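Observations on the three-dimensional arrangement
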Amino acid sequence: GENVEQHPSTLSVQEGDSAVIKCTYSDSASNYFPWYKQELGKGPQLIIDIRSNVGEKKDQRIAVTLNKTAKHFSLHITETQPEDSAVYFCAASISGYQLIWGAGTKLIIKP
Amino acid sequence: NAGVTQTPKFQVLKTGQSMTLQCAQDMNHEYMSWYRQDPGMGLRLIHYSVGAGITDQGEVPNGYNVSRSTTEDFPLRLLSAAPSQTSVYFCASRTQTSGGGEQFFGPGTRLTVL
């Protein structure tokens, strides 16, 4: 079955710097790749997603890139702000009905 | 809209007890799902439903039952609680679109089994 690995598990960056979180997946049939942000005590919230027919997608300070050949995708956050501190999860799906999630990355923004 | 609501927020059970975690959504979403979240493991899908009367198993279905009699409600039943079921449980919903889409999550239920 599908397996998703996420790195790093913790990432600490200076406010204003960029942050990059990477995920790899095992099943080449996966075609949908969302990123979710989870704040303490809350459920995850979608921040951006990408489908396999697209190589890159941007939304203001957030971007996701997908390399289907290498089976990896990355989240890029530029000009980080204190409110970006949270746990970020990547996921992959073949059918859209079952998401397989990475283990999460705790992002710490240092003032 | 209240979005996705879950009750209770916290629950403590003894081994062998049964209980039902409630989940409701008011967005008329066809797809609903239950996940469990354990430290260092991300979220794992327990069961999901693509509409009233239709349910299917996810990655970790053992020890859990679901039913979907209405579009709004998707309860999760623990048949005989075990300490391994100590976790945070999230319910989510989304519109029924092929190829994925944004899932809206409830606030979670923190369950401890002693």
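The structure contained in this document is the topic of the report that follows. Position numbers for residues count from 1 along each chain, tracking the sequence in the order it is written. Here every chain gets a letter starting at A, and every ligand a number starting at 1, in the order they are written. Since the coordinates come from a predicted model, pLDDT governs what is reported: local features require at least 70, and pairs of side-chain atoms require 80 or more to be given and counted, while whole-chain, interface and lining totals use all residues. Note that the side-chain values use all heavy atoms of the structure and ignore hydrogens as well as water.

**Focus on the sheet that holds strand S8 (residues 72-77) of chain A**
All names here are of chain A. Following DSSP output, two strands are said to pair if at least two bridges run between them. The secondary structure listing takes helices from DSSP runs of H or I that are at least 4 residues long and strands from runs of E that are at least 2 residues long, numbered from the N terminus. Taken together, the five strands give an open sheet; going across it, the order is S1-S3-S8-S7-S6, and neighbouring strands pair in antiparallel fashion. Each having just a single partner strand, strand S1 (4-7) and strand S6 (56-59) make up the two edges of the open sheet. Each adjacent strand pair in this sheet contributes to an overall mean axis angle of 15 degrees, direction not counted. In terms of strand pairing, strand S3 (residues 19-25) meets S8 through six bridges, oriented antiparallel. The partner of alanine 19 across the bridge, within S8, is isoleucine 77. For every element, the axis is a line fit to its C-alpha atoms; helices are fit only across the contacting stretch, and the angle between N-to-C directions ranges from 0 to 180 degrees.

**Some details on the interface of chain A and chain B**
At the interface, 19 residues of chain A touch 24 residues of chain B. Among the residues of chain A in contact with chain B, A:Tyr97, A:Gln98 and A:Trp101 are the three that bury the most area, contributing 34% of the side total. Counted as a polar contact is a pair of N or O atoms within 3.5 Å, where, for protein atoms, one must be capable of donating a hydrogen and the other of accepting one, and residues adjacent in sequence contribute only when both atoms are in side chains. The tally of links from chain A across to chain B stands at three residue pairs in polar contact (both at pLDDT 80 or more). Mapped by element, the contributors of at least two residues to the side of chain A that touches chain B are strand S4 (32-38), strand S5 (45-51) and strand S10 (99-101) of chain A. Polar here means any residue other than Ala, Val, Leu, Ile, Met, Phe, Trp, Tyr, Cys and Pro, which are nonpolar, and Asp, Glu, Lys and Arg, which are charged; Gly is therefore polar. Split by residue class, the side of chain A that touches chain B holds 10 nonpolar, seven polar and two charged. Every residue pair with non-hydrogen atoms within 4.5 Å of one another is taken to be in contact. Summed over both partners, the accessible area (1.4 Å probe) lost when two parts come together is defined as the buried area.

**Focus on the environment of A:Asn67**
Residue and element names in this part refer to chain A. Note that asparagine 67 resides in strand S7 (residues 62-67). Overall, the relative accessible area of 32% leaves asparagine 67 in the partly exposed class. Each C-alpha atom, one on asparagine 67 and one on valine 20, is 15 Å from the other, the two residues being 47 residues apart in sequence. Among residues more than four places away in sequence, those in contact with asparagine 67 are Tyr25 and His72. There is a polar contact of 3.1 Å between the side chain of asparagine 67 and the backbone nitrogen of threonine 69. The cut-offs for exposure are 20% and 50% of the maximum accessible area for each residue type, with area from a 1.4 Å probe on protein chains only; residues under the lower value are buried, those over the upper are exposed, and the others partly exposed.

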